[in-house]
Amino acid sequence: MEQNYFQSALSDFVFDMASGGAICHLTDLGFTVKQIQEKLAYPTPYEKVQKAVWKHLLDTGVIAMEEQEEKREKVEYVREYDSYGKASFRRVTLPVTSPKPPQSRLLCRFGLLKYKDPERYRQMLEALKPEQAEYIDGLPWGLEGVWHRADPRMLGIYHALERAELAQGVCSFAEEE
């Protein structure tokens, strides 16, 4: 048991040192999983690159497994005095509401389409530019819906699917649901 834990930790450390930082950097630059794998100096299995890219997108908020509302709190410290005049501080949190920008995220169901209707999934990929199709096909979409930031790449994918009349039920803004 202890040996497995050590091996796992060592493997994770070696991966992070050899490829992890590069994968995150290349993901931020807009490379697809396939392009990242080709650029890495250290040979890394496609599935491992895929998982690292997905994790990085989750960690940076580009994708989310559920719609995230903007919830922030403002923290203040209030000075209070007891009956003997001794000062103490009490932490007070106040909610700060900020309006959520409209159409900031797209609800994507590419994984569900890939497994439930492979023919329509293939048609959808053909309607996209090669790099857009590579981006969608390279990520390990699950069966549940995923919220993706409406960045220029994803907006291009959405508009291409709209033009091909393939976006319905696959990729949409929250207001359309």
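Residues numbered from 1 in each chain as written. Predicted model: local features only at pLDDT ≥ 70, side-chain atom pairs only at ≥ 80, totals over all residues. Heavy atoms only, no water.

Asks: Just checking my understanding: could you explain the layout of surface pockets for this structure?
Replies: Regions of empty space are outlined by a rolling probe, equal in size to a water molecule, passed over the atoms. Roughly 230 Å³ of volume is contained in the largest pocket. Elements with a minimum of two residues in the lining of the largest pocket: α1 (2-28) and α3 (46-59). It is α3 that provides the largest number of residues to the lining of the largest pocket, a total of six residues. Considered class by class, the residues forming the lining of the largest pocket number three nonpolar, two polar and six charged. (1 Å grid on protein atoms, 1.4 Å probe; cavity = no way out; pocket = protein on both sides within 12 Å on 5 of 7 lines; lining within 4 Å. Points joined across faces, edges and corners; volume = space filled by probe spheres on them. Helix = DSSP H or I, 4+ residues; strand = E, 2+ residues; numbered from the N terminus. Nonpolar A, V, L, I, M, F, W, Y, C, P; charged D, E, K, R; others polar.)

Asks: Help me understand the nonpolar core, please; the structure alone is not making it clear to me.
Replies: Soluble globular proteins tend to bury their nonpolar side chains together. In this structure, F110, M124, I136, M154 and L161 are the most contacted members of the largest nonpolar core, which totals 38 residues. Leaving out residues up to four positions away in the same chain, M154 has contacts with L106, C108, F110, Y135, I136, H148, R149 and C171. (Core = buried A, V, L, I, M, F, W, Y, C linked by side-chain atoms within 4.5 Å. Buried < 20%, exposed > 50% of the residue type's maximum accessible area, 1.4 Å probe, protein only. Contact = heavy atoms within 4.5 Å.)

Asks: Got a minute to help me understand the packing of helix α5 (residues 118-127) against helix α6 (residues 130-138) in this structure?
Replies: Two quantities define a packed helix pair, namely the angle between the helix axes and the distance between the axes. Relative orientation of the contacting elements α5 and α6 amounts to 140°, with a least axis distance of 7 Å. One element, α5, and the other, α6, form an angle in the oblique class. In this structure, α5 uses Y121, M124 and L125 to contact α6, whose residues at the interface are A133, I136 and D137. Of the residues contributing to the contact of α5 with α6, the split by class is five nonpolar, no polar and one charged. (Axes fitted to C-alpha atoms, helices over the stretch in contact; angles between N-to-C directions. Parallel < 35°, antiparallel > 145°, perpendicular 65-115°, else oblique.)

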